[in-house]
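Okay, here's what each chain looks like letter by letter:
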Amino acid sequence: MNNKTEAYNWPQGVLSVMTRQVAGRRGGLFTKVGLGTFVDPRVEGGKLNTRAQEDLIEVRELDGEEFLYYKPPVVNVGLIRGTVADERGNITLDREGVLMEANAIAQAARACGGIVIAQVETIAKAGTLHPKQIKVPGILVDYVFVAKPEYQMQSEVSAFNPALTGDVKIPLGELPRLPLDERKVIARRAAIYLRPGDVLNLGIGMPESVSAVAAEEGVADQLTLTLETGPIGGVPAGGFEFGHSINPEVIVEHSVQFDFYDSGGIDIAFLGLAQADKEGNVNVSKFGGRAVGCGGFINITQNAKKVAFLGTFTAGGLEVAVEKGQLKIIKEGKNRKFLNQVEQITFSGKYAAKTKQPVLYITE
């Protein structure tokens with residue numbers, strides 16, 4: 001925000017898939033992801049400050065349809081993390097809760113003439129790692145750094161939680177029940193729209209509560225919860241472990257998950273709502289002049305068969321009480337979430353209307 005660096009923000013799924021494009025020297029990426037949002041060059045072009053002057057995204061027409069073309073970056077340094085490196089630099093990801101795209105990043109750096117630095121927990125003798133365990137071959141790795149345990153946390157709060165890697169399964173009945181507050185009221189209203197067999201994506205914050213409600217109601221086993229980082233099945237971990245799943249059934253690579261998302265694989269997505277406006281636009285990426293970033297929000301919301309945005313009417317000091325099945329607003333928050341115009345368009349209501357996508361806005 002102080003213009004000390006040239007700053008841009010792209011959708012997480014675009015960045016994830018772009019590493020494969022760069023790795024194969026296939027040029028940039030053509031996709032509809034981002035049309036009508038702040039990354040569209042007719043809106044903001046993904047530029048975060050006035051120092052960002054280069055046009056990195058273009059609108060192109062292919063077979064009579066509009067696409068965004070994201071120009072490929074040059075990768076000078078690939079920073080990746082794994083569990084074990086052998087003496088040849090082969091890397092495993094055994095204790096990682098998500099696989100991400102370590103191999104594609106390493107390939108992209110090499111394709112650009114850059115270097116690859118891998119951080120790991122320990123070193124093994126050459127030839128002792130099973131070939132199928134190795135996710136990044138040593139021919140792509142220039143430097144290996146063995147980290148101290150405090151710098152190799154699995155998440156922001158766990159050194160290693162085996163339930164996030166699928167090494168153990170914990171009883172979901174042991175998970176704490178949600179208190180009956182505005183978050184749970186909204187989550188229960190959202191859960192009404194669940195159908196047996198649905199494949200879901202849940203965003204961080206309030207949407208996490210939807211899975212907790214499903215677990216409380218004993219219907220979690222009828223749904224498949226997914227996260228953009230790669231877990232399929234299980235229950236998304238909340239708070240500072242978000243991005244991982246408890247008891248995942250499958251963990252695929254980051255970019256592979258976004259291929260599934262972009263193809264319309266999600267039946268319904270539940271995402272947060274920082275701001276919404278009269279056009280149906282939603283903003284979660286920039287407010288109060290502070291750039292938060294879009295994460296996977298654009299890929300997910302634009303391509304899900306149905307999307308639901310969850311949020312209270314106000315924030316910042318909101319006080320509520322639930323008594324005898326009634327929600328009472330004791331004090332409204334100082335920040336209004338429903339505005340005439342959002343500060344930044346992370347989800348385009350006009351584009352959703354154009355594609356006839358069902359959209360829900362669920363509040364207290």
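One can find the structure itself at the top, above this paragraph.
Residues numbered from 1 in each chain as written. Predicted model: local features only at pLDDT ≥ 70, side-chain atom pairs only at ≥ 80, totals over all residues. Heavy atoms only, no water.

Another point: helix 3 (residues 182-191). Among the ten residues that make up helix 3, seven are buried, leaving the element largely enclosed by the rest of the structure. Among the residues making up helix 3, those that are buried are Glu182, Lys184, Val185, Ile186, Ala187, Ala190 and Ala191. In this structure, the buried side of helix 3 is in contact with helix 4 (208-216), strand 17 (268-272), strand 22 (307-310), strand 24 (319-323), strand 25 (326-331) and strand 28 (359-362). With a side-chain oxygen lying 3.1 Å from the backbone nitrogen of arginine 183, the N-terminal cap of helix 3 falls on aspartate 181. (Buried < 20%, exposed > 50% of the residue type's maximum accessible area, 1.4 Å probe, protein only. Helix = DSSP H or I, 4+ residues; strand = E, 2+ residues; numbered from the N terminus. Contact = heavy atoms within 4.5 Å. Polar contact = N/O pair within 3.5 Å; in protein donor to acceptor, adjacent residues only side chain to side chain.)

Another aspect to go through is helix 1 (residues 12-23). A rise of 1.5 Å per residue sets the reference length of helix 1, with its twelve residues, at 16 Å; its end C-alpha atoms lie 17 Å apart and thus fit the reference within 8%. Of all twelve residues making up helix 1, nine are buried, and the element is well covered by its neighbours. Buried within helix 1 we find Gln12, Gly13, Val14, Ser16, Val17, Met18, Thr19, Gln21 and Val22. Structurally, helix 1 contributes buried residues whose contacts are with strand 1 (29-31), strand 3 (65-70), helix 2 (102-111), helix 5 (254-262) and helix 6 (297-303). Taken from the residues just after helix 1, arginine 25 is the one with a positive phi, measuring 50 degrees. (Expected span 1.5 Å × (residues − 1).)

Below, the discussion takes up the sheet that holds strand 10 (residues 143-146). Backbone hydrogen bonds hold the strands of a sheet together, and the pairing may be parallel or antiparallel. A sheet is described by the order of its strands in space; here three strands give the open sequence 4-7-10, paired in parallel fashion. At either end of the open sheet lies a strand with only one pairing partner, and these are strand 4 (77-81) and strand 10. Ignoring strand direction, the axes of neighbouring strands in this sheet form an average angle of 20 degrees. The pairing of strand 7 (residues 115-120) with strand 10 spans four bridges and is classified as parallel. When the sheet's bridge partners are listed, valine 120 is paired in strand 10 with valine 146. Each of strand 4 and strand 7 touches helix 2; the most contacted strand, strand 4, lies at about 160 degrees to it. (Pairing = 2+ DSSP bridges. Axes fitted to C-alpha atoms, helices over the stretch in contact; angles between N-to-C directions.)

This paragraph deals with the packing of aromatic side chains. Considering all chains together, one arrives at eight aromatic pairs under this definition. Here phenylalanine 258 and tyrosine 261 contribute two aromatic rings whose centre-to-centre distance is 5.8 Å and whose plane-to-plane angle is 80 degrees, an arrangement assigned as edge-to-face. Note that phenylalanine 258 and tyrosine 261 are positioned in helix 5 at a spacing of three residues, about one turn of the helix. Considered together, phenylalanine 258 and tyrosine 261 belong to a single accessibility category, that of buried residues. Both rings, one in phenylalanine 309 and one in tyrosine 361, keep their centres 5.6 Å apart while their planes meet at 35 degrees; by these two values the pair is tilted. Residue phenylalanine 309 is located in strand 22, and its partner tyrosine 361 is located in strand 28; the two are separated by 52 residues in the primary sequence. The exposure class of phenylalanine 309 is buried, given its relative accessible area of 0%. Among the aromatic residues, those joined into a cluster by ring pairs are Phe297, Phe309, Phe347 and Tyr361. Taking the ring centre of tyrosine 69 as reference, the NZ or CZ of arginine 60 above it sits at 4.3 Å. For arginine 95, the ring lying beneath its charged end belongs to phenylalanine 160, and the centroid distance is 4.0 Å. (Phe/Tyr/Trp six-rings, centres within 6.5 Å; stacked < 30°, edge-to-face > 60°. Lys NZ or Arg CZ within 6 Å of the ring centre and 35° of its normal.)

Read from one edge to the other, the open sheet built from three strands follows the order 19-18-27, with strand pairing classed as mixed. This sheet does not close on itself; its edge strands, each paired only once, are strand 19 (282-283) and strand 27 (338-339). In the sheet, strand 18 (residues 275-277) pairs with strand 19 via two bridges, with the strands oriented antiparallel. Pairing of alanine 276 across the sheet is with valine 282, part of strand 19.

Below, the discussion takes up the side chain of glutamine 344. Relative to the helices and strands, glutamine 344 is located in the loop between strand 27 and helix 7 (349-354). Beyond its immediate stretch of four places on either side in the chain, glutamine 344 contacts Phe38, Glu44, Val282, Asn283, Ser285 and Lys286.

This paragraph deals with the packing of helix 1 against helix 5. Between helix 1 and helix 5, whose axes approach to 9 Å, the crossing angle comes to 120 degrees. Taken as axis vectors, helix 1 and helix 5 run oblique relative to one another. In the packing of helix 1 onto helix 5, the handedness of the crossing is left-handed. Between helix 1 and helix 5, the residues in contact are Gln12, Gly13, Ser16, Val17 and Arg20 and His254, Ser255, Val256, Phe258 and Asp259, respectively. Grouping the constituent residues of the contact of helix 1 with helix 5 by class yields three nonpolar, five polar and two charged. (Parallel < 35°, antiparallel > 145°, perpendicular 65-115°, else oblique. Left-handed = near helix turned anticlockwise from the far one by under 90°. Nonpolar A, V, L, I, M, F, W, Y, C, P; charged D, E, K, R; others polar.)

As a further point, take the nonpolar core. Residues Tyr70, Ile91 and Phe309 are the most contacted members of the largest nonpolar core, which totals 49 residues. If we skip the residues at most four places from it in the chain, tyrosine 70 touches Trp10, Pro11, Val14, Met18, Gly28, Leu29, Thr31, Val33, Gly34, Val39, Leu56 and Ile57. Formed by 18 residues, the second largest nonpolar core is a distinct cluster that contains Leu194, Leu200, Met206 and Val213. (Core = buried A, V, L, I, M, F, W, Y, C linked by side-chain atoms within 4.5 Å.)

With that settled, the discussion passes to the environment of valine 120. Topologically, valine 120 is positioned in strand 7. The exposure class assigned to valine 120 is buried, which follows from its relative accessible area of 0%. The spacing of valine 120 and isoleucine 91 is 29 residues in sequence and 8.0 Å in space, taken between C-alpha atoms.

Geometric descriptors of this kind do not, in isolation, establish any biological role.
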